[in-house]
Protein chains: 2
Amino acid sequence: MSKPIFYHAGCSVCVSAEHDIINLIGKDNVEVVHLGEDRSRIMEAEQAGIQSVPALVTPSGNVLHINFGAAMADVKG
Amino acid sequence: MSKPIFYHAGCSVCVSAEHDIINLIGKDNVEVVHLGEDRSRIMEAEQAGIQSVPALVTPSGNVLHINFGAAMADVKG
């Protein structure tokens, strides 16, 4: 894994944090995954240890839960 | 405010997040404030809207609470 991955679900907290992360890290330096639109990656996010979104998984595999938008249980619906 | 400011209190969650943020943003691109050692900045952190540490305040003034190390009430002691 070479880039950090930002997982979100389109909520307002998520979108605000996405803008902040892109401004801080640079658009080309982070992969953004919308779990509401790309549900095939929910399992990957859970396996990475994500409990809520928005969250950033670092290249070393650490999970940074950023503020609180929605629990993964709600994202899974 | 030109740089983001990372506030922490020396807890293990804080130190881990500090390493991640420095790796992501670059050491020269973020100011790190240890509120346990620099208690004169606790009021500034609270006024920025920080409720727990570690937290990152963006140049635009948004607060990103990252994971959860300690509540500000505990930092204030």
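Preceding this paragraph is the structure being described.
About the thresholds
- Residues numbered from 1 in each chain as written.
- Chains lettered and ligands numbered in written order.
- Predicted model: local features only at pLDDT ≥ 70, side-chain atom pairs only at ≥ 80, totals over all residues.
- Heavy atoms only, no water.
- Core = buried A, V, L, I, M, F, W, Y, C linked by side-chain atoms within 4.5 Å.
- Buried < 20%, exposed > 50% of the residue type's maximum accessible area, 1.4 Å probe, protein only.
- Helix = DSSP H or I, 4+ residues; strand = E, 2+ residues; numbered from the N terminus.
- Contact = heavy atoms within 4.5 Å.
- Buried area = accessible area lost by both parts, 1.4 Å probe.
- Salt bridge = Lys/Arg side-chain N within 4 Å of Asp/Glu carboxyl O.
- Polar contact = N/O pair within 3.5 Å; in protein donor to acceptor, adjacent residues only side chain to side chain.
- Pairing = 2+ DSSP bridges.

Novice: Looking at this structure, I do not really get the nonpolar core. What am I missing?
Specialist: One broad rule of soluble globular proteins: the nonpolar side chains tend to lie buried together. Formed by 19 residues in total, the largest nonpolar core has its most connected members in Ile21(A), Leu56(A), Ile66(A), Ile21(B), Leu56(B) and Ile66(B). Of all elements in the fold, only α1 (12-25) and β4 (63-71) of chain A together with α1 (12-25) and β4 (63-71) of chain B reach the threshold of two or more residues within this core. Here Ile21(B) is in contact with Leu64(A), Phe6(B), Gly26(B), Val30(B), Leu56(B) and Ile66(B), once residues within four sequence places are set aside.

Novice: It is not clear to me how the interface of chain A and chain B should be interpreted in this structure. Could you clarify?
Specialist: Across the boundary between the two partners, chain A contributes 17 residues, which contact 17 residues of chain B. In total, chain A and chain B occlude about 1200 Å² of area from one another, counting both sides; carbon and sulfur atoms represent 58% of this. In this structure, the connection of chain A to chain B is made through 0 salt bridges. For the interface between chain A and chain B, the tally reads 6 residue pairs in polar contact (both at pLDDT 80 or more).

Novice: What should I look at first to understand the side chain of His34(B) in this one?
Specialist: All names here are of chain B. When you line up the elements, histidine 34 lands in strand β2 (residues 31-34). Within the structure, the side chain of histidine 34 is placed 3.0 Å from the backbone nitrogen of glycine 36, a separation counted as a polar contact. Setting aside chain neighbours within four positions, we find histidine 34 in contact with His8, Ala9 and Gly10.

Novice: Where do I start with the pairing of β4(A) in this structure?
Specialist: Within a regular strand, the side chains alternate between the two sheet faces. All names here are of chain A. Strand direction decides the pairing type here: strand β3 (residues 52-57) and β4, joined by 5 bridges, are antiparallel. Bridge assignment links valine 57 to a residue of β4, and that residue is valine 63. Counting the residues between successive antiparallel strands, the hairpin from β3 to β4 contains 5 residues, one of them, glycine 61, with a positive phi of roughly 95 degrees.

Novice: Is there a simple way to explain the pattern of salt bridges in this structure?
Specialist: It is possible for side chains of opposite charge to pair when their charged atoms get near one another. All names here are of chain A. The full count for this structure, using the stated rule, is 6 salt bridges over all chains. Two residues, arginine 41 and glutamate 31, come together in a salt bridge whose shortest N-O distance is 2.7 Å. Linking arginine 41 in the loop between β2 (31-34) and α2 (42-48) with glutamate 31 in strand β2, this pair joins segments that are 10 residues apart in sequence. On the accessibility criterion, arginine 41 (18% relative accessible area) is buried. One salt-bridge network, held together by shared partners, links Glu31, Arg41 and Glu44.

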